Amino acid sequence: MSFKSWRSELIKGSIPKEIEEIFRRRAMEKYGYSKGAVSKALEAAIKLWLRHEYEVTEEEKLNNKAFEEILNELEAKFPGMHAVIAKGQLVGVHKSLEEALKTNIKEESHRIVFKIGEKPKPWVRLGWRAKLKPVGAT
Amino acid sequence: MEGQIEACWSYLKPDDQKTPAFGLIVQGTLGTLPREGEMLIRIDTGYDGFLLLSEANYNHIGLHLSELPKKYWPEGETVTGEVFRLRRSLALVHIPMAGLKLEGYVDTYQGNTENLTGLDFIKTMRLLLDGPSQRACIT
């Protein structure tokens, strides 16, 4: 997702008064007491919100739907093995990741590969190198 | 890890600060990173995942073709408090100089240009950070 801002648009909406006051104050603290500070902060907030969730393609949706449908059965039958889902269906269950990665690619632009029964932790601390691009000063 | 050869790499100096790094190869569905030889990737103990790759590298070796289900994509938090969704894939990582082959999760996020190894990557290793000679070694 990239953003090119060659023109501005007006967005209208309403938020609680207390959030509006904090937002306006914090915007001015960060971007200066000038015209445009609130717009800059609003742009930063919207970018952050858009970044929070990925837009997924139809193929990704199809593969994820298949995953939800077959997960219980796979966990019962093949714990610890690696499953491959493509084009909305299970295409293989393998003993090792190496074998799973070798599954022939046809015309897919997305595939799901996972170790059956393994649930990764849902939260990651990114460290001091990883950062988002700043919105910039007014 | 006993009986293995010690493998060492000089610290990287991408900007003003030299940092420890490993030489490794990431194997994806469409190829390896790098195509030949090994790639030096910084060790960042502030990152608690396995391997973070830039979006370009993630897509280049086809990690979108070995991706975890979306429900297992984690949220990442930066040191400045921003929280956003990461994409996550399974991949094999080779460290040829140490004779190691690891399997783990590779993360990326929109706009990421960094490649980093994190705490999950080093959790099975004995590492020596040799400050005076500016080298990181797997012993």
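Overview of the overall build of chain B
Counting its secondary structure elements, chain B contains 2 helices and 12 strands. Reading chain B from its N terminus to its C terminus gives the helix and strand order β-β-β-β-β-α-β-β-β-β-β-α-β-β. Taken over C-alpha atoms, the radius of gyration comes to 15 Å for chain B, in line with the 14 Å a tight globule of 139 residues would show. Seen through its principal axes, chain B has C-alpha atoms that stretch 40 × 35 × 25 Å. Buried positions account for 40% of the 139 residues belonging to chain B. Taking as baseline every contact in chain B between residues at least 6 positions apart, the subset at least 24 positions apart corresponds to 62%.

Overview of the interface of chain B and chain A
Counting residues at the interface gives 37 residues for chain B, matched by 34 residues for chain A. Taken together, the elements giving at least two residues each to the side of chain B that touches chain A come down to strand 6 (75-77), strand 7 (83-85), strand 8 (87-95) and strand 9 (100-108) of chain B. A breakdown of the residues in the side of chain B that touches chain A according to their chemical character gives 14 nonpolar, 11 polar and 12 charged. Pairing of strand 4 (residues 123-125) of chain A with strand 6 of chain B, which is carried by 3 bridges, proceeds in the parallel orientation. Its bridge partner lying in strand 6 of chain B, W123(A) is registered against E75(B).

Topic: the sheet that holds strand 6 of chain B
One open sheet holds the 3 strands; their spatial order is 4(A)-6(B)-7(B), and the pairing between them is mixed. Lying at the two open borders of the sheet, with one neighbouring strand each, are strand 4 of chain A together with strand 7 of chain B. Neighbouring strand axes in the sheet, compared pairwise and without regard to direction, differ in orientation by 30 degrees on average.

Conventions we followed
Numbers given to residues run from 1 along each chain, matching the order in which its sequence is written. Think of it this way: whatever chain is written first is A, whatever ligand is written first is 1, and the rest follow in order. In keeping with the predicted nature of the model, local features appear solely for residues at pLDDT of at least 70, side-chain atom pairs appear and are counted solely at 80 or more, and the whole-chain, interface and lining totals rest on all residues. Secondary structure elements are defined from DSSP: runs of H or I of at least 4 residues count as helices, runs of E of at least 2 residues count as strands, and each element is numbered from the N terminus. Radius of gyration: C-alpha atoms only; globule rule: 2.2 Å multiplied by the number of residues to the exponent 0.38. A residue is called partly exposed when the number of other C-beta atoms within 10 Å of its own lies between 12 and 20, exposed at 12 or fewer, and buried at 20 or more, with C-beta atoms placed from the backbone. Think of it this way: build a C-beta for each residue from its backbone, and any pair within 7 Å is a contact. Ten residues, namely Ala, Val, Leu, Ile, Met, Phe, Trp, Tyr, Cys and Pro, are considered nonpolar, four, namely Asp, Glu, Lys and Arg, are considered charged, and the remaining ones, Gly among them, are considered polar. Any two strands between which DSSP finds at least two bridges are classified as paired. Throughout, an axis means a line fitted to C-alpha atoms (over the contacting stretch in the case of helices), and angles, computed between N-to-C directions, take values from 0 to 180 degrees.

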